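Here are the chains, one letter per residue:
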Amino acid sequence: MKQSFSPAKRLMTMSGLVLIAALAIIASPSSVSAASAGLAWDSVMKLSLGADPSTLQPGAFDADYAAAAAAPQSSGGGIFGHMVPQGMMQMMQSGIAERHYVAGSKERTDQPQLGTATILDCSARTLTTLDLKKKTYRVVSLDRPNDSTSGSSNGAGNGPFKGDDTKIAIVVTNKSLGSRQIGNQTTNGYSSQMQFAITRASGETETHDGSLTAYYANFATPAVQCSAMNNPRSMKAGAEIGMFSGVATQIMRALQAAGMDKRFSVKQTGPNLPLGNFAVYQALAFDAHGRSMTVITERGNSRPIDAGDAEFSVPSDFTREQ
């Protein structure tokens, strides 16, 4: 019997399927080494329901980022606790703003709407969470899975989908869109048609069609060699944003993981996507139970950064929580 889903339920179902791939990928070390000089950038991620992906084009990044950063984040129950028309419209219109810093073995992500930031130090094996409003911080070890602050007994590196036999096969047909200047970056564009076949351990298989329009710069996206998501403690801190804004990024990571993780495979025809390169713009669309859902990612203000930059340190006027 064919089930009927409300728009909110459709969104949750499709996001859940993608999240399986996301968490499985994050549970493994990244395959991309950090650039020696490091990189900082800002990003905005938006959600669009029912839009024609072919009509979506890069916008004015600074204006989009300012609008997203100024929009208040819904409170009480998280994003999926607010799957009501008003909450959905707010997210679709304003999006989610983030700031990213990656250099050496360190990675920092700021969420202006939440007033929080996380600093991951792979060498020190620590994850530091800052409350930018209260000027407090807490530090947990990636190697202490039973820390009382974690709220989980799962070990670091085990991830919530460790040992899961879910397999994802991705078939991609690409065509070149040529070069394009976006902001101060010269990019190469691609249009892709995708099909995802998700096979669970039970043998149940689901297929979903998708499309991608992306413009890549000619330099690599840096990444650290460990992941905060290796430790379920960071799931709580990232859940508010990850369930929504991580969709496009995690699918691209799934594409990158093919060939390194036997659960994921990808077959490309046409010009191969430069998956390791910095994506200045992406519009990733899915057919979720007959309705189109598109996650739009814009990036701007990219600049070099060093591992010794102050952004990777806790400010001296912050107080540590016990």
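Check the entry above for the structure.
Rules used throughout
Position numbers for residues count from 1 along each chain, tracking the sequence in the order it is written. Under the rules for a predicted model, residues below a pLDDT of 70 receive no local features and side-chain atom pairs below 80 are neither given nor counted, while totals for whole chains, interfaces and linings still include all residues. Based on all heavy atoms of the structure, the side-chain values leave hydrogens and waters out of the count. Numbered from the N terminus, helices here are DSSP runs of H or I no shorter than four residues, and strands are runs of E no shorter than two. Relative accessibility decides the category of a residue: with a 1.4 Å probe and only protein chains considered, values under 20% of the type maximum give buried, values over 50% give exposed, and everything between is partly exposed. It only takes one pair of heavy atoms within 4.5 Å for two residues to be counted as in contact. Each accessible area value is a Shrake-Rupley result obtained with a 1.4 Å probe; residue values ignore everything except the protein chains displayed when judging cover. Note on aromatic pairs: the rings of Phe, Tyr and Trp (six-membered ring only in Trp) are paired at centre separations within 6.5 Å, and the planes decide the class, stacked below 30 degrees, edge-to-face beyond 60, tilted for the rest. Whether a charge lies above a ring is judged from NZ of Lys or CZ of Arg, which has to be within 6 Å of the ring centre and within 35 degrees of the ring normal. We define a salt bridge as a contact between a side-chain nitrogen of Lys or Arg and a carboxyl oxygen of Asp or Glu at a distance within 4 Å. Throughout, a disulfide means two cysteine sulfur atoms within 2.5 Å of one another. Being paired, for any two strands, means DSSP has found at least two bridges between them.

(A) Molecular detail of the overall build of the chain. Scanning the chain from N- to C-terminus turns up four helices and 13 strands. Sorting the 322 residues of the chain into buried and exposed places 49% on the buried side. Taking the intrachain contacts of the chain between residues at least 6 apart in sequence as the baseline, contacts between residues at least 24 apart amount to 69%. For the chain, the exposed area adds up to about 14900 Å²; of that, 50% sits on carbon and sulfur atoms.

(B) Quick peek at the environment of V314. Tracing the sequence through the fold places V314 in the loop between β12 (291-304) and β13 (319-320). In the structure, V314 is positioned 178 residues away from T136 in sequence and 9.3 Å away in space, judged by C-alpha atoms. When residues no more than four places from it in sequence are discounted, the contact partners of V314 are T128 and Y137.

(C) Summary view of the packing of aromatic side chains. Summed over the entire model, instances satisfying the criterion amount to five aromatic pairs. Between W41 and F278 the ring centres are 5.4 Å apart and the planes differ by 80°, which places this aromatic pair in the edge-to-face class. Note that W41 is positioned in strand β1 (residues 39-49) and F278 in strand β11 (residues 277-288), a separation of 237 residues in sequence. Across the pair, exposure class does not vary: W41 and F278 are buried alike. In this structure, R180 is placed above the aromatic ring of Y215, and the distance from its NZ or CZ to the ring centre is 5.4 Å. Seen from the ring of F278, R299 lies directly overhead, with NZ or CZ sitting 4.9 Å from the centre.

(D) View of the pattern of salt bridges. Evaluated as defined, the whole model comprises eight salt bridges. Between D143 and R125 there is a salt bridge, with the nearest N and O atoms lying 3.0 Å from each other. One end of the pair, D143, is in the loop between β6 (136-141) and β7 (167-182); the other, R125, is in the loop between β4 (116-121) and β5 (126-131), with 18 residues separating them in the sequence. Classification of D143 as partly exposed rests on a relative accessible area of 45%. For the salt bridge of D317 with K135, the shortest nitrogen-to-oxygen distance reads 3.0 Å. Taken as a pair, D317 in the loop between β12 and β13 and K135 in the loop between β5 and β6 lie far apart in primary sequence, 182 residues in all. When salt bridges with common partners are traced through the structure, they connect D42, R99 and R303 into a single cluster.

(E) Structural context of the state of the cysteines. Here the structure, examined in full by the defined rule, presents one disulfide. Disulfide partner of C122: C226, at an S-S distance of 2.0 Å. Given an S-S torsion of about -95°, the disulfide between C122 and C226 has left-handed geometry. With C122 in the loop between β4 and β5 and C226 in the loop between β9 (205-220) and α4 (233-257), this residue pair connects regions lying 104 residues apart in the sequence.

(F) Geometry of unusual backbone geometry. One non-glycine residue, R125, adopts positive backbone phi at about 60°. Among the residues examined, R125 registers a relative accessible area of 25% and is labelled partly exposed. Not every positive phi belongs to a glycine, and K135 is a case in point at roughly 55°.

(G) Structural context of the pairing of β4. The element β4 is extensively covered by neighbouring structure, given that five of its six residues are classed as buried. The hairpin turn running from β4 into β5, its antiparallel successor, is four residues long, and R125 in that turn takes a positive phi close to 60°.

(H) Quick peek at the pairing of β6. As defined by bridge partners, β5 adjoins β6 across six bridges and the pair is classed as antiparallel. Opposite T128, over in β6, you have V139 as the bridge partner. The loop that links β5 with its antiparallel partner β6 comprises four residues; one of these, K135, has a positive phi angle of about 55°. One ladder, built from two bridges, connects β6 with β13; its direction is parallel. Looking across to β13, one finds that T136 is bridged to T319.

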